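Residue strings, one per chain:
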Amino acid sequence: MGFIVAMHLLLFGLGFIPRVAESPPVQRAIWGAAAVTALWTLLLWLKKRPLSADVLIRRAHWVQILMHSTIFIYWGFYYDEVRRIAPLILAQIPLAYLVSLLTAWTLGRRWHLGFGPIPIIGSTNLFLWFKDPWFHWQLVMVALAFMGKDLVRWRRNGGKRHIFNPSGLALSVVSLVVILGGDSSITWGNEIATRLQLAPHMFEVIFAVGVTVQLLFGVAWTTLAAAGSVWLIGLAYTWLTGDWFFTDTTIPIAVFLGMNLLITDPVTSPDNASGKALFGALYGVMVFPLYIVLPLIGQPAFYDKLLQVPLCNLMAPPLERWGARIEAWWASIRPGQARLTPRGARWAAVMGWGALFLIIRPGLIAHPGAEPSAWRDRCAQGEAKACVELKHTLEKGCALGRAEVCHALATQLLAPEALLRNPARGHRLLTEACAAGYAPSCAALTPSKPQPPSVEAHAAHEAGCDAGDGAACLRLAGDHLRAASGRGTLMSMRAFERACELGEAAGCVNLGLMLLRGDGVPADPARAVTLHERACGLGLIPACARLGVLYKKGVGASPDLKRATAAFEQACAGGDQASCVWLEGR
C-alpha cells in the first residue's frame, strides 16, 4: 500500500507545479484523476481484495523510454510547445502506474512493478496532445490504454495476450470521439503532424531511433513493409496521374514516426517475419483512404496514422497464418537452402530497411512539392487542386519558420480580392517575418500612407449611395475601410449593408465576412450565412463556394451536407473548380 499512497501523493502534488497551477482546467483534471483513483483504491481495500505484486524490469521498457526521450528532447530544442507540454507528460506517469496497478488488483492478477507504464505514456504523447481546457481527455487516454491492456485479451500461441497496442487503442478511440464531436482544434494534433520538422534532420533521428528498437526486438519487417507500401503506392499514383499524392513529402513525417514507434509492439503484431511484413503493409495501405476520406468529412488528415492501428491488431492472427503459408511456400520452392539464423534474419531486415530509407530519403526531406513555386503557376492558370496545394505549402512552410513563405502567405491574406482575406493575420505574419530578418516583409510593413479620397469624391459616393446607387455604396464602404487602414468599422458595415439591400452581391459578401470574423462589429455567424445565401442568389459564384463550406462546417447552425452539396453544385456550374473537386470526391 505504501507505493499506492506515494503515487497518489505524487499525482496530487503535481497539481501545484507552476505549469499545472497556472492552468485551472489542467489542475482540476489531475486532481479529479487523483480523487477517482483514491476512491477506487478505497473500495478495493474495503473489500479486502488480495493484492500481489513483484518487481520485473524488462529491457524492452527501458529501451523504449530512452528512444521516446530522444525524440522529445531533440524536438524540444526547436519547438517551444514540447517544453511547455513536458510537465504535463510527466504528470501522466503516476496516473499510469495507479491505473495499471488498480486494474490488476481489481482483476485479481499479479502486478509487476517496473518501467512498463512509462513507454505507453511516451508513445501516446508522441502523437496527440489536448489543449489545456480539454486536458481531461489526455487522462482518459491514459485510463483507456491500461484498462484496455488488461481487460481486452485473447489466447494466442499458447498464452494470453492483450489484443490491442495500448497507446494505439487509446489514441484511436479518443480520436474517433473528437472526430464525432467535430472539433479537432481542441488538440495539438495538426501542429504535431507538421512541426516535427522544425527540428532539422528529424527523419534521420526517427530512423536511427527506430533502428535501435528493430535490432533489439526484431520488428524491422513491420517498418520496412509499412514504408515500402506507402512509397510504392505513391509512385504508382504519380505514374498514373503525373502528380504527387502527398503534397510535400514521400511519407508525412508523423506517419513515418508511427511506422517506427507506434505499430512496432511485438505483442500485438504477428510473430513471424512474413506476418510482420503483411501487418506493416496493411498499416501503410490504410493511410491512403484515411488521408482521402478525413478531409471530405471536414476533418484534418492527421488522424491517418492512428485510426487503423486497432484494426491491424485485430488482423494479427490471420496475418500471422498467411505469413506462415508464405514462408512454407518459399521453403518448398527452395528445398535444401540454408536458412538465416534469427539474428541474421533480424540484421537482414534492418539492412533492407536502411537501403529503402536511403532510396526514399531525398523525397522525405527535399520534395519538390514542398516549394510554393511548384503550385503557383498552375494555380494562376485556374487549376483548383494546385490552388489548394499552394495554400497548404504556404501554411506548412510558414509554420516551419520559413520567413519568405510567411511573406508569400501574408501577401495572399492581404490581397483585396482574396476569398479568405484576413488582414489581421497577414500583418502579424509580415511582422514575424520582418523580425526574422526578411527585408521584403519589413518594407511591406511601412508602405506609403494611402491617400484618402478627396472630400468631393467622398461626398459624391455618399450622395450616390443615399440616392440608391449600390456601386456608390461599395465605393463609400471602401472610403471608410481606407480611413481605418483596412479594418472594419460601423460606417463601412452600414455602407456594405446598403449596397446589399440595393442588389450588390459584393456588399452582401463583404458584410458577411465582417460578421463571420467580428471585424469591427460583433460576430454573427447565422446572419453571415444568410448574407452569403443572398449573394449566391444574386449570382456571385465565390459566394456560393464559400456558402457550401459554411453549410458543411455548420457555421451558425448544424452541418447540412445536402445544402452544402447544392451550393457546391451551383458554384461548380458557375466555373468554380474547387467546388467541382469537392463534388467529385464525395
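Residues numbered from 1 in each chain as written. Predicted model: local features only at pLDDT ≥ 70, side-chain atom pairs only at ≥ 80, totals over all residues. Heavy atoms only, no water.

1. Observations regarding helix 25 (residues 505-517)
Line of reasoning, step 1. The end-to-end C-alpha separation of helix 25 is 19 Å, in line with the 18 Å expected for 13 residues at 1.5 Å each.
Line of reasoning, step 2. Taken together, the buried positions of helix 25 are Ala505, Gly507, Cys508, Val509, Leu511, Gly512, Leu513, Met514 and Leu515.
Line of reasoning, step 3. On its buried face, helix 25 sits against helix 23 (470-483), helix 24 (490-501), helix 26 (525-537) and helix 27 (541-553).
Line of reasoning, step 4. A positive phi of about 65° marks glycine 518, the residue just after helix 25. (Helix = DSSP H or I, 4+ residues; strand = E, 2+ residues; numbered from the N terminus. Expected span 1.5 Å × (residues − 1). Buried < 20%, exposed > 50% of the residue type's maximum accessible area, 1.4 Å probe, protein only. Contact = heavy atoms within 4.5 Å.)

2. Remarks on the state of the cysteines
Line of reasoning, step 1. Throughout the structure, instances matching the rule amount to 5 disulfides.
Line of reasoning, step 2. With a sulfur-sulfur separation of 2.1 Å, cysteine 434 is cross-linked through a disulfide to cysteine 442. Since a negative S-S torsion denotes a left-handed disulfide, the cysteine 434-cysteine 442 link at about 105° is right-handed.
Line of reasoning, step 3. Across the disulfide, cysteine 536 is cross-linked to cysteine 544 (sulfur-sulfur distance 2.0 Å). Across the S-S bond of cysteine 536 and cysteine 544 the torsion is about 100°, and the bridge reads as right-handed. (Disulfide = S-S within 2.5 Å.)

3. Topic: the nonpolar core
Line of reasoning, step 1. Counting 104 residues, the largest nonpolar core has Trp75, Ile251, Phe256 and Trp353 as its most contacted members.
Line of reasoning, step 2. In terms of residue count, helix 5 (residues 80-107) provides more of this core than any other element does, 15 residues in total.
Line of reasoning, step 3. Those residues in contact with tryptophan 353 that sit more than four places away from it in its chain are Phe207, Val211, Gln214, Thr223, Leu224, Ala227, Phe256 and Asn260.
Line of reasoning, step 4. With 21 residues, the next largest nonpolar core counts Cys473, Ala477, Leu511 and Leu531 among its residues. (Core = buried A, V, L, I, M, F, W, Y, C linked by side-chain atoms within 4.5 Å.)

4. So, helix 11 (residues 220-241)
Line of reasoning, step 1. Between its first and last C-alpha, helix 11 extends 31 Å over 22 residues, near the 32 Å set by a 1.5 Å rise per residue.
Line of reasoning, step 2. Every buried residue of helix 11 is accounted for by Ala220, Thr222, Thr223, Leu224, Ala225, Ala226, Ala227, Gly228, Ser229, Val230 and Gly234.
Line of reasoning, step 3. Elements in contact with the buried residues of helix 11: helix 10 (202-217), helix 12 (253-261), helix 13 (273-296) and helix 16 (342-365).
Line of reasoning, step 4. After helix 11 finishes, the residue glycine 242 shows a positive phi value of roughly 75°.

5. Details of the packing of helix 4 (residues 59-76) against helix 6 (residues 117-125)
The relative placement of two packed helices is expressed as an angle between their axes plus a distance between the axes.
Line of reasoning, step 1. Remark: helix 4 packs on helix 6, axes separated minimally by 9 Å, with the N-to-C direction vectors making an angle of 30°. Taken together, the axes of helix 4 and helix 6 are roughly parallel relative to one another. Here helix 4 and helix 6 pass one another in a crossing that is left-handed. The segment helix 4 lies against helix 6, with His61, Gln64, Ile65, His68 and Phe72 engaging Ile118, Pro119, Gly122, Ser123 and Asn125. (Axes fitted to C-alpha atoms, helices over the stretch in contact; angles between N-to-C directions. Parallel < 35°, antiparallel > 145°, perpendicular 65-115°, else oblique. Left-handed = near helix turned anticlockwise from the far one by under 90°.)

6. Points about the pairing of strand 4 (residues 159-162)
Line of reasoning, step 1. In terms of strand pairing, strand 3 (residues 153-156) meets strand 4 through 4 bridges, oriented antiparallel. Residue pairing across strands places arginine 155 opposite lysine 160, the latter belonging to strand 4.
Line of reasoning, step 2. The hairpin turn running from strand 3 into strand 4, its antiparallel successor, is 2 residues long, and asparagine 157 in that turn takes a positive phi close to 50°. (Pairing = 2+ DSSP bridges.)

7. A closer look at the packing of aromatic side chains
Line of reasoning, step 1. For the structure on display, the rule yields 24 aromatic pairs.
Line of reasoning, step 2. Ring centres 5.2 Å apart and planes at 55° place the aromatic pair phenylalanine 16 and tryptophan 31 in the tilted group. Pair noted here: phenylalanine 16 is in the loop between helix 1 (2-13) and helix 2 (18-21) and tryptophan 31 is in helix 3 (residues 24-46), with a separation of 15 residues, a long-range link.
Line of reasoning, step 3. With a centroid separation of 5.5 Å and 65° between ring planes, the pair formed by tyrosine 74 and tyrosine 78 is classed as edge-to-face.
Line of reasoning, step 4. For tyrosine 74, a relative accessible area of 21% corresponds to the partly exposed category.
Line of reasoning, step 5. For tyrosine 78, a relative accessible area of 41% gives the class partly exposed.
Line of reasoning, step 6. By the ring-pair criterion, three or more aromatic residues cluster together here, those being Phe203, Phe207, Phe256, Trp353 and Phe357. (Phe/Tyr/Trp six-rings, centres within 6.5 Å; stacked < 30°, edge-to-face > 60°.)

8. Focus on the environment of alanine 410
Line of reasoning, step 1. Among the structural elements, alanine 410 can be located in helix 19 (residues 403-414).
Line of reasoning, step 2. Along the chain, alanine 410 and glutamate 395 lie 15 residues apart, while their C-alpha atoms are 10.0 Å from each other.

9. Some points on the side chain of glutamine 27
Line of reasoning, step 1. Mapped onto the elements of the fold, glutamine 27 is located in helix 3.
Line of reasoning, step 2. Contacts of glutamine 27, omitting those with residues within four sequence positions, involve Gly15, Val20 and Ala21.

10. Points about the pattern of salt bridges
Line of reasoning, step 1. Summed over all chains, the structure comprises 17 salt bridges.
Line of reasoning, step 2. Across the salt bridge formed by arginine 19 and glutamate 22, the nearest N and O atoms sit 3.9 Å from each other.
Line of reasoning, step 3. The exposure class assigned to glutamate 22 is exposed, which follows from its relative accessible area of 52%.
Line of reasoning, step 4. Taking the shortest distance from any N to any O, the salt bridge between glutamate 204 and arginine 361 comes out at 2.8 Å. Separated by 157 residues along the polypeptide, glutamate 204 in helix 10 and arginine 361 in helix 16 bring together distant segments of the chain.
Line of reasoning, step 5. In this structure arginine 361 comes out as partly exposed when scored by relative accessible area, which is 29%.
Line of reasoning, step 6. One connected set of salt bridges, linked through shared partners, spans Arg19, Glu22, Glu81, Arg84 and Asp132. (Salt bridge = Lys/Arg side-chain N within 4 Å of Asp/Glu carboxyl O.)

11. Topic: unusual backbone geometry
Line of reasoning, step 1. With phi around 55°, lysine 48 is a residue other than glycine that occupies positive phi space.
Line of reasoning, step 2. Secondary-structure assignment places lysine 48 in the loop between helix 3 and strand 1 (53-55).
Line of reasoning, step 3. When its relative accessible area of 73% is taken as the criterion, lysine 48 is described as exposed.
Line of reasoning, step 4. The backbone of histidine 201 shows a phi angle near 60°, a positive value even though the residue is not glycine.
Line of reasoning, step 5. Relative to the helices and strands, histidine 201 is located in the loop between helix 9 (189-195) and helix 10.

12. Focus: the packing of helix 13 against helix 15 (residues 316-333)
Line of reasoning, step 1. Relative to each other, helix 13 and helix 15 sit at 125°, their axes nearing to 7 Å. Accordingly, the angle class assigned to the pair helix 13 and helix 15 is oblique. Seen from above, helix 13 lies across helix 15 with right-handed handedness. Packed against helix 13, whose contacting residues are Ala273, Ser274, Gly275, Leu278, Phe279 and Leu282, the element helix 15 presents Leu319, Glu320, Trp322, Gly323, Ile326 and Glu327 at the interface.
Line of reasoning, step 2. Of the residues in the contact of helix 13 with helix 15, the class split is 7 nonpolar, 3 polar and 2 charged. (Nonpolar A, V, L, I, M, F, W, Y, C, P; charged D, E, K, R; others polar.)

13. A few points about a nonpolar patch on the surface
Line of reasoning, step 1. Together, Met1, Leu39, Leu42, Leu43, Trp45 and Leu46 line one region of the surface with nonpolar side chains, adding up to about 640 Å² of accessible area.
Line of reasoning, step 2. Looking at the element boundaries, leucine 42 is found in helix 3.
Line of reasoning, step 3. Residue leucine 42 is classed as partly exposed on the basis of its relative accessible area, which comes to 41%. (Patch = residues over 30% accessible without salt bridge, like charges linked within 9 Å, V, L, I, M, F, W, Y side chains within 5 Å. Areas by Shrake-Rupley, 256 points an atom, 1.4 Å probe, with all protein chains shown as cover.)

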